[in-house]
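Listed below, chain by chain, are the residues.
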Amino acid sequence: MSLISLFISSILAQNIILTKFLGICPFIGASNKEKNAFHMGLSVMLVVTLSSIITYVIYYYVLVPTNTTYLRTTMFVLVIASMVQLMELLLKKYLPKIHQTMGLYLPLIATNCAVLGITLLNINNDFTFTQMLVFSFGSSLGYLLVIYIFATIRERLETSDISKAFSGIPIALLTAAIMSLVFARYL
Amino acid sequence: MKTILNGIIKENPTFVLVLGLCPALAITTKFENAYLMGLCLLIILVFSNLVISIIKNIVPDAVRIPVYILIISTFVTIIEILLQAYVPVLNSILGIYLPLITVNCIVLGRAMAVASKESVKTSVLDAIGIGLGYTVALMIIAFFREVLGSGTITLMDATSSLTGYKAVYTLPTTNFFPMNIMSGPAGAYITLAFFVALFTKLRGGKKHESH
């Protein structure tokens, strides 16, 4: 697959939220403010791209030569968690302004399945290094795009008249269903 | 018994708590996948709750979460290796959603809320209840999605080499049925939305306990 089509499909047709259901806990739970969603999406992009590179290198240069690929899940979780921690410390020290906006979301991202999911998909799909970079950047851009659009829709939903049983999570899920139809080219 | 029932109905992890949605939405295209996924989660949840409740007094508060995640990921890896050895088909069906149990909000949530506070017996019972509740929820979602989306009911197919028993039923098709949309991602969101709404209605319209 050429890199451009991989990039486009990882943003739109193969969107990680709408077709692979990764990282939907914060998607459903936290994204009702436009600005918060944007910052959250940016933090996810940063963490996903960095941790994809690190886990990819660790997998092919440490786990494969030593024949311990079964440790992959444990290793990846540890790498992601410690990287997030490190990033938070560095941001706090050197870029306090960015830390104020993004710092809140970093601990949440450590246990976000989108990050672990993308790093595992990189390995499962046998990507080359360049493909891996394009895929993880594209997927996380897709995440940002969807979570931002979704937050703006939910701001409207808050004030609209919805039956009691459907208000909150159910209507959010229905919105996601319609969005996934659009993204998966059903409509 | 009360703890177990509580996990299945009153605190159903999917329909009431609305946690751990990734696998609940992703692998529920077939009835069989749903109960096998539920079973995997049940086993992992029981063992991790057991171990965590035993060591809860030794682990310092500051490193609680990393230790819990390590314990959970150990059991996930064990299940993964066992599946690879005995049912490789199932391992490829569940794909990345099996290792993703490591960061599943249900498992970590139960570890934090129950196993780190209650006695060993309560934690294990709670794990069984929540695990069963999750399995039942997945089976319900998958039943509707498979019947409406592909017009079949797969009771046993991928594991038939292990059990020597195969059961796939096909329903008659009509003009509008089966509907492809239900086996796609949108169908997953729609089915879950209706069940969450139904449970909210049954519980008297109370708001969801948020994450």
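Because the structure is a prediction, the values reported are computed rather than measured.

(A) Main features of the overall build of chain B. A count of helices and strands for chain B gives 10 helices and 2 strands. For a compact globule of 211 residues, the expected C-alpha radius of gyration is about 17 Å, and chain B comes in at 18 Å, within 12% of that figure. Seen through its C-alpha atoms, chain B measures out along the principal axes to roughly 60 × 45 × 30 Å. Partitioning the contacts of chain B with sequence separation of at least 6, the portion at a separation of at least 24 is 79%.

(B) Focus on the overall build of chain A. Counting secondary structure elements, chain A contains 9 helices and 0 strands. Across chain A, helices and strands are ordered from the amino to the carboxyl terminus as α-α-α-α-α-α-α-α-α. In terms of overall dimensions, chain A is globule-like: its C-alpha atoms have a radius of gyration of 17 Å, near the 16 Å expected for 187 residues. The principal-axis extents of the C-alpha atoms in chain A amount to approximately 60 × 40 × 30 Å. A burial count over chain A gives 44% of its 187 residues as buried. Taking the contacts inside chain A whose residues are at least 6 apart along the sequence as the reference set, 77% of them involve residues at least 24 apart.

(C) Up close: the packing of helix H3 (residues 31-55) of chain B against helix H4 (residues 64-86) of chain B. Residues and elements named next belong to chain B. At their nearest, the axes of H3 and H4 sit 9 Å apart, and the two run at 140° to each other. Between H3 and H4, the interaxial angle falls into the category oblique. Handedness of the H3/H4 crossing: right-handed. Contact with H3, carried on its side by Cys-40, Ile-43, Ile-44, Phe-47, Ser-48, Val-51 and Ile-52, involves Tyr-68, Ile-71, Ile-72, Phe-75, Val-76 and Ile-79 of H4 and no other residues of that element. By residue class, the composition of the contact of H3 with H4 is 12 nonpolar, 1 polar and no charged.

(D) A look at the interface of chain B and chain A. Counting from both sides, the interface comprises 37 residues of chain B and, opposite them, 34 residues of chain A. Broken down by secondary-structure element, the contributors of at least two residues to the side of chain B that touches chain A are helix H2 (21-26), H4, helix H6 (105-115) and helix H10 (185-202) of chain B. At 10 residues, the largest contribution of residues to the side of chain B that touches chain A is made by H10(B). Its residues assigned to classes, the side of chain B that touches chain A comprises 25 nonpolar, 10 polar and 2 charged.

(E) Spotlight on the environment of Phe176(B). Residues and elements named next belong to chain B. Along the chain, Phe-176 falls in the loop between strand S2 (167-170) and helix H9 (180-183). Overall, the presence of 6 C-beta atoms within 10 Å leaves Phe-176 in the exposed class. Between the C-alpha atom of Phe-176 and that of Leu-148, which follows or precedes it by 28 residues, the distance is 9.9 Å.

(F) Fine view of the confidence of the model for chain A. Mean pLDDT over chain A: 86, with 96% of residues reaching 70 or higher. Ranking the helices and strands of chain A by mean pLDDT puts helix H8 (residues 129-159) of chain A first, with 91, and helix H2 (residues 24-29) of chain A last, with 73.

(G) Examining helix H1 (residues 3-11) of chain A more closely. Of the positions making up H1(A), those classed as buried are Phe7(A), Ser10(A) and Ile11(A). For H1(A), the buried positions fall inside an angular range of 100° around the axis, keeping them on one side.

(H) Main features of unusual backbone geometry. Residue and element names in this part refer to chain A. For Phe-21, which is not a glycine, the phi torsion comes out positive at approximately 60°. Located in the positive-phi region is Asp-126, a residue other than glycine, with phi close to 55°. Turning to its location among the elements, Asp-126 is positioned in the loop between helix H7 (113-124) and H8.

(I) Structural context of the environment of Ile169(A). Residue and element names in this part refer to chain A. Checked against the element boundaries, Ile-169 lands in helix H9 (residues 169-183). Looking at Ile-169, the number of C-beta atoms within 10 Å reads 20, which means it is buried. Sequence spacing of Ile-169 and Phe-27 is 142 residues, and the spatial spacing of their C-alpha atoms is 11 Å.

(J) Quick look at the nonpolar core. Formed by 112 residues in total, the largest nonpolar core has its most connected members in Leu173(A), Cys22(B), Ile44(B) and Tyr189(B). Of all the elements, H3(B) adds the most residues to this core, at 10 residues. Not counting residues within four places of it along the chain, the set of residues in contact with Cys22(B) comprises Phe21(A), Leu22(A), Ile24(A), Cys113(A), Tyr97(B) and Leu100(B).

(K) Structural context of the environment of Lys121(B). Considering the arrangement of structural elements, one finds Lys121(B) in helix H7 (residues 120-149). The sequence separation of Lys121(B) and Val136(B) amounts to 15 residues, and the corresponding C-alpha distance is 23 Å.

(L) Geometry of the confidence of the model for chain B. For chain B, the mean per-residue pLDDT works out to 86, and 97% of the residues sit at or above 70. Mean pLDDT values over the elements of chain B span from 75, in helix H8 (residues 160-163) of chain B, up to 93, in H3(B).

(M) Structural detail: the packing of helix H4 (residues 72-94) of chain A against H4(B). The contact between H4(A) and H4(B) brings their axes to 9 Å, and the two run at 155°. On the basis of their axis angle, the class for H4(A) and H4(B) is roughly antiparallel. As H4(A) packs across H4(B), the resulting crossing turns out to be right-handed. Where H4(A) abuts H4(B), its residues Thr73(A), Thr74(A), Val77(A) and Ala81(A) lie against Pro66(B), Ile69(B), Leu70(B), Ser73(B), Thr74(B), Val76(B) and Thr77(B). Residue composition of the contact of H4(A) with H4(B), by class: 6 nonpolar, 5 polar and no charged.

Reading guide: rules and limits
Residues numbered from 1 in each chain as written. Chains lettered and ligands numbered in written order. Predicted model: local features only at pLDDT ≥ 70, side-chain atom pairs only at ≥ 80, totals over all residues. Helix = DSSP H or I, 4+ residues; strand = E, 2+ residues; numbered from the N terminus. Rg over C-alpha atoms; globule rule 2.2 N^0.38 Å. Contact = placed C-beta atoms within 7 Å. Buried ≥ 20, exposed ≤ 12 C-beta atoms within 10 Å, placed from the backbone. Axes fitted to C-alpha atoms, helices over the stretch in contact; angles between N-to-C directions. Parallel < 35°, antiparallel > 145°, perpendicular 65-115°, else oblique. Left-handed = near helix turned anticlockwise from the far one by under 90°. Nonpolar A, V, L, I, M, F, W, Y, C, P; charged D, E, K, R; others polar. pLDDT = per-residue confidence, 0-100. Arc of directions from axis to C-beta. Core = buried A, V, L, I, M, F, W, Y, C linked by C-beta atoms within 7 Å.

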